[in-house]
Amino acid sequence: MIEDYEVSSGNVFADLGFEDSEQELVKAELTLQIYRLLKARRLTQTEAAKLLHTTQPQISALMRCKPVSVSVGRLMEFLTVLGQDVEVVVKPAASRERLGRLSVVFEPRSL
């Protein structure tokens, strides 16, 4: 039995036709890391909002992985407040024929 399916590009936002799909994927990946860090600390949304200098509704959105009005820069600030080093690397695109791309790489904590 053959079923119709579409092979993913690896970016659900691109597959759904989002105009800024790479930026949306970066925001989703950063938000997921923030979610994990907040869960690990067992902070209430109010405590997290105070720590991150934002509002409880904004934390609520983040905890539902919906960073609706938060910039990539602000998400990176949240990560630094949560004890993470954030490094931005700028390098030439892999191919001169295409635009550069955005990506996020997480390094596991070494013991």
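Residues numbered from 1 in each chain as written. Predicted model: local features only at pLDDT ≥ 70, side-chain atom pairs only at ≥ 80, totals over all residues. Heavy atoms only, no water.

J.: Tell me about the pattern of salt bridges, and name the residues and values.
T.: Summed over the entire model, instances satisfying the criterion amount to one salt bridge. For Glu 77, the salt bridge identified is with Arg 74, shortest N-O distance 3.0 Å. One end of the pair, Glu 77, and the other, Arg 74, are both in helix H5 (residues 72–81), three residues apart, so they sit about a helical turn from each other. Here Arg 74 falls in the partly exposed class, since its relative accessible area comes to 27%. (Salt bridge = Lys/Arg side-chain N within 4 Å of Asp/Glu carboxyl O. Helix = DSSP H or I, 4+ residues; strand = E, 2+ residues; numbered from the N terminus. Buried < 20%, exposed > 50% of the residue type's maximum accessible area, 1.4 Å probe, protein only.)

J.: Report on the nonpolar core, specifying residues and quantitative values.
T.: In this structure, Ile 34, Leu 75 and Phe 78 are the most contacted members of the largest nonpolar core, which totals 16 residues. At five residues, the largest contribution of residues to this core is made by helix H2 (residues 21–41). The contacts of Ile 34, once residues within four sequence positions are left out, are Leu 75, Phe 78, Leu 79 and Leu 82. (Core = buried A, V, L, I, M, F, W, Y, C linked by side-chain atoms within 4.5 Å. Contact = heavy atoms within 4.5 Å.)

J.: So what's going on with the environment of Val 26? Residues and values would help.
T.: Secondary-structure assignment places Val 26 in helix H2. It is 7.4 Å that separates the C-alpha atoms of Val 26 and Val 72, two residues lying 46 residues apart in sequence.

J.: Can you explain a nonpolar patch on the surface? Please cite residues and give values.
T.: The grouping of Val 12, Leu 16 and Phe 18 at the surface amounts to a nonpolar patch, some 300 Å² of accessible area in total. In this structure, Leu 16 sits in the loop between helix H1 (12–15) and H2. (Patch = residues over 30% accessible without salt bridge, like charges linked within 9 Å, V, L, I, M, F, W, Y side chains within 5 Å. Areas by Shrake-Rupley, 256 points an atom, 1.4 Å probe, with all protein chains shown as cover.)

J.: Describe in detail unusual backbone geometry, supporting the description with residues and values.
T.: Glycine aside, negative phi is the norm for most residues, and most peptide bonds take the trans geometry. A positive phi angle, close to 55°, is found at Arg 42, a residue other than glycine. Here Arg 42 is to be found in the loop between H2 and helix H3 (45–52). Judged by its relative accessible area of 74%, Arg 42 falls in the exposed class. In this structure, His 53 is a non-glycine residue whose phi angle is positive, near 55°. One can find His 53 in the loop between H3 and helix H4 (56–63). With a relative accessible area of 65%, His 53 lands in the exposed category.

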